[in-house]
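What the coordinates show
In case you want the letters, here they are:
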Amino acid sequence: MRKDHRPASFRQGGFTLVELGVSLVLLGLLALAFVAYWRTSAQERATVADRDLLAVTERAVVGFAHARFRLPCPASDSAGNEDCTGGRQTGFLPWRTLGVADARAGTLLYGAYRAPNTGQPWIDMDLAQAMDRLRPSFTVGPPPMLPAAPLALSPANANLLDFCYALTLASNAPANAAALGVVDANAAAARRAVAFTVAAPGLLDADGDGNPFDGRQASASSASPTFDAANRPVSGSYDDRVLAVPFNALFAQLQCGQALSAVSHSHVNAATAAASLQQALINYKRQLEIAALLAGAGVASGTAGVLSASAGLASAVAGSANAVAFTILTYGSASAVMAPAVAAVVSNTAAVAASAATLALSIVAKVEADSRVTNVQPLVTDSATQATAIDADARTADNLGF
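Residues numbered from 1 in each chain as written. Predicted model: local features only at pLDDT ≥ 70, side-chain atom pairs only at ≥ 80, totals over all residues. Heavy atoms only, no water.

Within the protein chain one finds six helices and nine strands. Taking all 402 residues of the protein chain together, the buried fraction comes to 36%. As presented, the protein chain carries roughly 21600 Å² of accessible surface, and 64% of it is formed by carbon and sulfur atoms. (Helix = DSSP H or I, 4+ residues; strand = E, 2+ residues; numbered from the N terminus. Buried < 20%, exposed > 50% of the residue type's maximum accessible area, 1.4 Å probe, protein only. Areas by Shrake-Rupley, 256 points an atom, 1.4 Å probe, with all protein chains shown as cover.)

This is the structure we're talking about:
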């Protein structure tokens with residue numbers, strides 16, 4: 001057995017170096033595990049905080065739309081005051097305008113869908129602009145007719161109905177790359193428009209380009225208002241959090257459906273029906289007046305018939321007298337002329353009776369026609385009053401909104 005002749009101090013020093021190396025390796029592994037845990041934990045805390053902040057922001061934006069009938073305009077800086085000049089579509093969240101009391105709100109990126117059409121406000125889709133858009137097609141004029149262009153109500157009044165109507169227009173509009181939109185995580189997905197977006201930068205600048213925002217948020221601008229969709233997963237080069245609210249979701253949150261349907265359809269349809277009924281009664285009265293005129297003509301015709309038949313009877317009687325005289329003068333040899341004369345008297349007497357009966361019926365028809373004309377006049381007057389009242393109610397409902 002070989003004996004170690006090295007000094008004890010030397011043997012102890014070598015053992016300490018090995019232990020130190022192992023310890024350093026263990027400490028390094030522990031440090032790496034701690035950093036990974038810290039980073040994961042910090043990211044999780046940041047994710048929860050961002051999610052809560054985005055939820056608060058969404059409620060604030062929806063509340064603003066409910067109160068102001070539009071979306072807030074993006075802010076030009078982190079001070080948080082909305083800036084509606086120049087048609088700005090993206091910028092900082094206007095947290096001060098919204099009343100979001102959170103210091104982190106100034107770091108959020110915000111976008112609003114804006115597709116203005118000031119020349120034709122009934123198809124304007126600038127969601128950051130309050131405008132009287134909803135213009136129902138009321139029936140106007142005698143006879144009722146739909147106006148060539150949507151009817152502007154007076155006074156013009158922007159309300160939540162107009163904002164809901166703009167959401168409907170925007171949801172059905174063709175793709176517009178110049179207005180706010182998002183692209184899903186799927187690379188093949190088409191760009192889709194949304195009402196508004198709010199984006200929070202991740203804990204770290206994941207892509208390392210010096211911009212706290214990653215992905216499409218890093219280059220989003222009013223000229224190119226495109227964000228990543230909320231479903232884009234976190235990766236080594238992306239850790240933003242995005243809230244993207246589509247038109248139909250905002251439409252539902254504002255409870256637009258029932259009120260918009262009632263004011264833009266039910267109320268207007270009632271006004272249209274009332275106007276149509278008014279015109280129908282006017283036409284019916286005119287028909288009755290024509291019937292009365294025809295009945296009057298029938299009375300005149302019957303009177304003429306009676307007079308004509310009476311004249312014929314008088315002529316027949318005179319003819320009978322002549323026939324009698326002629327028969328007497330001829331000592332009865334011309335008695336054959338008496339039969340036609342008597343027949344003429346009989347036929348003309350029947351004509352007088354028939355003409356008198358026709359005249360009586362014509363008089364009855366004339367009285368009935370005049371009575372109907374008289375009776376329908378209050379209905380015409382009342383229908384005009386009712387149509388005016390319903391029309392005014394429908395316009396008031398549009399102006400009041402909900």
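There is more to say, and it comes next.
Taken in spatial order, the three strands make up an open sheet running β6-β5-β8, and their pairing is mixed. The sheet is open, and its two borders are formed by β6 (192-193) and β8 (226-228), each paired with just one other strand. When strand β5 (residues 181-183) meets β6, the two strands line up antiparallel, connected through two bridges. Considered in β6, the bridge of G181 is made with A193. (Pairing = 2+ DSSP bridges.)

Let us look at the nonpolar core. Counting 54 residues, the largest nonpolar core has L71, Y113, L127, F163, F196 and L250 as the members making the most contacts within it. Elements with a minimum of two residues in this core: α1 (8-68), α2 (95-98), β2 (109-112), α3 (160-172), β7 (196-200), β9 (241-245), α4 (247-253) and α5 (256-329). Broken down by element, this core gets its largest block of residues, eight residues, from α3. Each residue touching L71, except ones within four places of it in the same chain, is listed here: V61, F64, A65, Y110, A112, L127, A128, F163, A195, F196 and L250. Judged by nonpolar contacts, the second largest core, of five residues, contains A292, A369, V373 and V376. (Core = buried A, V, L, I, M, F, W, Y, C linked by side-chain atoms within 4.5 Å. Contact = heavy atoms within 4.5 Å.)

Looking now at the pattern of salt bridges. Tallying each qualifying case throughout the model produces 10 salt bridges. Ionic pairing is found between R216 and D228, a salt bridge with its closest N-O pair at 2.6 Å. In this pair, R216 is assigned in the loop between β7 and β8 and D228 in strand β8, connecting sequence segments 12 residues apart. Overall, R216 belongs to the partly exposed group, its relative accessible area being 32%. Here D228 makes a salt bridge to R232, at a shortest N to O gap of 3.2 Å. Look at D228 and you get buried, because its relative accessible area is 0%. The exposure class of R232 is partly exposed, given its relative accessible area of 28%. Here the residues in one salt-bridge network are R216, D228 and R232, joined through shared partners. (Salt bridge = Lys/Arg side-chain N within 4 Å of Asp/Glu carboxyl O.)

Turning to unusual backbone geometry, a few remarks are in order. Within the chain, F69 stands out as a residue other than glycine whose phi angle is a positive 65°. Assignment of secondary structure puts F69 in the loop between α1 and β1 (90-92). Residue classification places F69 among the partly exposed positions, given a relative accessible area of 24%. Backbone geometry at Q255 places phi at a positive 55°, although glycine is not the residue there. With respect to the element layout, Q255 can be found in the loop between α4 and α5.

Glancing now at α3. Here α3 contains 13 residues, and its C-alpha end-to-end distance of 19 Å stays within 8% of the 18 Å for a straight helix at 1.5 Å per residue. With a side-chain oxygen positioned 2.9 Å from the backbone nitrogen of L161, the residue opening α3 is N159. (Expected span 1.5 Å × (residues − 1). Polar contact = N/O pair within 3.5 Å; in protein donor to acceptor, adjacent residues only side chain to side chain.)

Reading across the sheet, the four strands line up as β1-β2-β7-β9 and stay open at both edges, with antiparallel pairing between neighbours. In this open sheet, the two strands that pair with only one neighbour each are β1 and β9. For this sheet the average axis-to-axis angle between neighbouring strands, irrespective of direction, equals 20°. Bridge count between β2 and β7: four bridges; the pairing is antiparallel. From the neighbouring strand, A112 faces β7, where its bridge partner is F196. (Axes fitted to C-alpha atoms, helices over the stretch in contact; angles between N-to-C directions.)

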